[in-house]
2 protein chains.
Amino acid sequence: MEPVLNLPLVLKDCDWIVTQDPERRVLHKASIKIDDGKIIEIGQNLISSRKDETMDCHGKVMIPGLVNTHTHLAMTLLRGYADDLELKEWLEQKIWPLEKRLTPDMVYSGALLGCLEMIRTGTTCFVDMYFFMERVADTVKEAGLRGLLSHGIIDPPNKADKEKDRKKTLALLQYVKRLGEPRIRFILGPHAPYTCDQDTLLWSKEIAEKEDTIVGIHVAETRGEQAKSEDNRKARVVDYLDKIGFLSERVLAAHAVWLTKSEVKLLGERGARVAHCPVSNMKLASGGVAPVPEMWNAFVPVGLGTDGPASNNSLDMFETMKMCALIHKAYRWDPTIVPAQKVLDMATIDGAKCVRMEKMIGSLEPGKMADIVLLDLRDPNMVPVHNAGTLVSDLVYSANGFNVDTTIVNGNVLMLNRDFRTLDPSEVVQGVTKSIKDLVDQ
Amino acid sequence: MEPVLNLPLVLKDCDWIVTQDPERRVLHKASIKIDDGKIIEIGQNLISSRKDETMDCHGKVMIPGLVNTHTHLAMTLLRGYADDLELKEWLEQKIWPLEKRLTPDMVYSGALLGCLEMIRTGTTCFVDMYFFMERVADTVKEAGLRGLLSHGIIDPPNKADKEKDRKKTLALLQYVKRLGEPRIRFILGPHAPYTCDQDTLLWSKEIAEKEDTIVGIHVAETRGEQAKSEDNRKARVVDYLDKIGFLSERVLAAHAVWLTKSEVKLLGERGARVAHCPVSNMKLASGGVAPVPEMWNAFVPVGLGTDGPASNNSLDMFETMKMCALIHKAYRWDPTIVPAQKVLDMATIDGAKCVRMEKMIGSLEPGKMADIVLLDLRDPNMVPVHNAGTLVSDLVYSANGFNVDTTIVNGNVLMLNRDFRTLDPSEVVQGVTKSIKDLVDQ
């Protein structure tokens, strides 16, 4: 199926529009006009002309499409396969042996399922790191989403094999260029400072600069990682990354749990960004909680990530928003910390900053791309809405991804009133079933 | 609307049935037969006769209806009204002033909305403490749910007024008796050891014994409560409750966060039960995490509660299950603690034990009441199901309440394929809208 055509479209008479603009305005009974994939007008007195297609948004709240700043989409295939285990056992005995048997077609089917779930739950843009990423790019193209895609680079023990992942990275770059689809961006993906050497990290940085893109990397997810860094490199992880000249405004550090205040400050000074993954950190019991308020004080843009669906196990960013607000309150014994508005910022405009796309997405403003999500205010958990001031609280504490009923990217309607328009759910599930059979059951 | 009639009904060809029976069997491609509100047969080779009504359950997973062991249902009206505040400020400046203005009709409309949300998200039985509880009983009758209802008793500063809440409690008892609806049970609700004196606590216990019912009470939700108890009574909260002879198998202690090991042991020795409310505890930043593994070691039955929708803000027990598993893992730095099976137990059979109804509900076994929930396995987050062993993990970590598509209580279908059968959602919302207008906006 193809996305619906890019007609001028007016989303009319929305009960509420949560703009996430610089004033964080929430508009009551307002409309939005989109054309050529962009928002061209927004307001309470917007008038549609006869030639505009219109969509009645009565009984709905409109928000910017959510940005998932860290996941491994194709791991939907391994969702639920092995839970309640120590990280090391989970990886070495369960996940890695299966991942070795993954084929490009399996990754395609798993990523397509991930796209389906993201459309269902209101995520319009995501950052992915995995392998066979050309096939993930295919799913993003097909689904109509916005994706920033990296081939995960892990240096092999044998130095001579190091070229392999670099070649795969450059192949992905060429593939994305050939696709010529502005929704799909190539990014770099050195896996982590403990799986990549200095050479690989700096090579990633160099390509990112040349291609004007970003570098996703796992940073300080566990305490063990910091301990090993101090043992092996006589430096904490972020200090090491800075010493070798890796840190910059192009770095998107996933997790960033086990940081000292001086490491947080360093991230801020270098302009690096963080993808905070509270659900995954809790489930894998990384211990501790990422120092998000300290990151804000250091002017580090912080987005939210679900992490891969095998360590979460959902891709629902609404759930991640709530879990984020709650774990910080619990951890700090402070119910006022990480309030709803800041959490919604993380999932929208701050997520957009994390991928350096804040001029394009992350809020509903004229000139920005029409990445738009509508939630159904008739669902019982969305009742009541007291006023414009409490609506953001409702989105973070009461809503879940299944309240989303319409998802729009680039002005294309990917789901309308809970009907998928670009993907056929039964075909997606068939593909996954076949992959699982080949992967696990053989 | 009336619940559908009690015909013999066969739920046929379910992909999976998670029985929660003593062997925790998960049946593949199985059916269940219900008659006169009870489960009469369950298995893979069950044959329906021509006179049975049948429901095709292909593509679905069946679980016992979930038991919410602690909430204040009518607080749906205050959902989202005031978040991200200190408990004291939240209660004294926001919640209590509004609660003073609540009328019986408002409580009715709020509780009805709560019933709607519980049906939507797979909760079939709940424990409630609030006021104007006759009107809550009306909603439970109308909705077709199972409810254990208490009038919350708070001793007034003026001793002479103490009779008021006792009278209201006894009036509720009489009202429930007159209703004669076995789904609705009267229980006692002394609010907390710091709001009720010894006399009131023991009176509650006495009535509970006389009426063969249970006593719900808030216990040790905050550290401050323990500190005050040590100051004022020279005893920790649970030690005090035991000293006055209050503790017994009829006590259901909500929260139970700030306990010493010896208090946990005491709860176990006296046979008391606990309603664990992880989401509320996190959101209100009670600090600490209830010592659930220690409670298990002391043989304390532990159920799950959402707490009131103003301090959560949802009634989705699936979300509470996931949050429960995750907060314990995060808090203990141990991903193996509080595993999925134990969490599902808490939300089903252990919840049933908390309300002393484990012979009637909490699992799918012949002879038990037909309180049944079906989830749609075609929803993207429910794909894939690897095998019977991973299914429980999928329910706890991947599912959310909106995957529920059918909810049955006592053999009556309250929601079928996401269509409500006993309540009219638009009428419910209209009622809430009117109440909010009278309560907040006037």
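Keep in mind it's a predicted model, so treat the numbers as computed, not measured. (Residues numbered from 1 in each chain as written. Chains lettered and ligands numbered in written order. Predicted model: local features only at pLDDT ≥ 70, side-chain atom pairs only at ≥ 80, totals over all residues.)

Focus: the interface of chain B and chain A
- Taken together, the 51 residues of chain B in the interface contact 51 residues of chain A.
- Looking at the side of chain B that touches chain A, the elements that each hand over two or more residues are helix 2 (104–120), helix 9 (278–283), helix 11 (317–332), helix 14 (388–398) and helix 15 (425–441) of chain B.
- Take the side of chain B that touches chain A: its biggest share by element is six residues, from helix 15 of chain B.
- Across the side of chain B that touches chain A, the residue classes tally to 27 nonpolar, 12 polar and 12 charged. (Contact = placed C-beta atoms within 7 Å. Helix = DSSP H or I, 4+ residues; strand = E, 2+ residues; numbered from the N terminus. Nonpolar A, V, L, I, M, F, W, Y, C, P; charged D, E, K, R; others polar.)

Quick word on the environment of D197 of chain A
Residues and elements named next belong to chain A.
- Residue placement: D197 occurs in the loop between strand 9 (184–186) and helix 5 (198–210).
- With 15 C-beta atoms counted inside 10 Å, the residue D197 sits in the partly exposed group.
- Spatially, the C-alpha atoms of D197 and E365 are 42 Å apart, while their sequence positions differ by 168 residues. (Buried ≥ 20, exposed ≤ 12 C-beta atoms within 10 Å, placed from the backbone.)

Some words on the pairing of strand 14 (residues 372–376) of chain A
All names here are of chain A.
- Of all five residues in strand 14, four are buried; the element is thus mostly enclosed.
- Sheet analysis places strand 5 (residues 60–64) next to strand 14, joined by five bridges and oriented antiparallel. Its bridge partner lying in strand 14, M62 is registered against L374.
- Note: strand 14 against strand 15 (residues 404–409), four bridges, orientation antiparallel. Across the sheet, residue L375 finds its bridge partner in strand 15, namely V404. (Pairing = 2+ DSSP bridges.)

Concerning the nonpolar core
- Within the largest apolar cluster, 314 residues are counted, with the highest numbers of intra-cluster contacts made by M62 and A253 of chain A together with M62 and A253 of chain B.
- Sequence-distant contacts of A253 of chain B, that is, excluding residues within four places in its chain, are made with I217, V219, L267, A272, V274 and A275 of chain B. (Core = buried A, V, L, I, M, F, W, Y, C linked by C-beta atoms within 7 Å.)

Describing the packing of helix 12 (residues 340–347) of chain A against helix 14 (residues 388–398) of chain A
Residues and elements named next belong to chain A.
- Packing of helix 12 against helix 14 brings their axes to within 9 Å, and their N-to-C directions diverge by 70°. One way to sum up the angle between helix 12 and helix 14 is to call them roughly perpendicular. Here helix 12 runs over helix 14; the crossing is left-handed. Within the contact between the two elements, helix 12 uses A340, Q341, V343 and L344 and helix 14 uses V392, S393, L395, V396 and Y397.
- When grouped by side-chain class, the residues that make up the contact of helix 12 with helix 14 number seven nonpolar, two polar and no charged. (Axes fitted to C-alpha atoms, helices over the stretch in contact; angles between N-to-C directions. Parallel < 35°, antiparallel > 145°, perpendicular 65-115°, else oblique. Left-handed = near helix turned anticlockwise from the far one by under 90°.)

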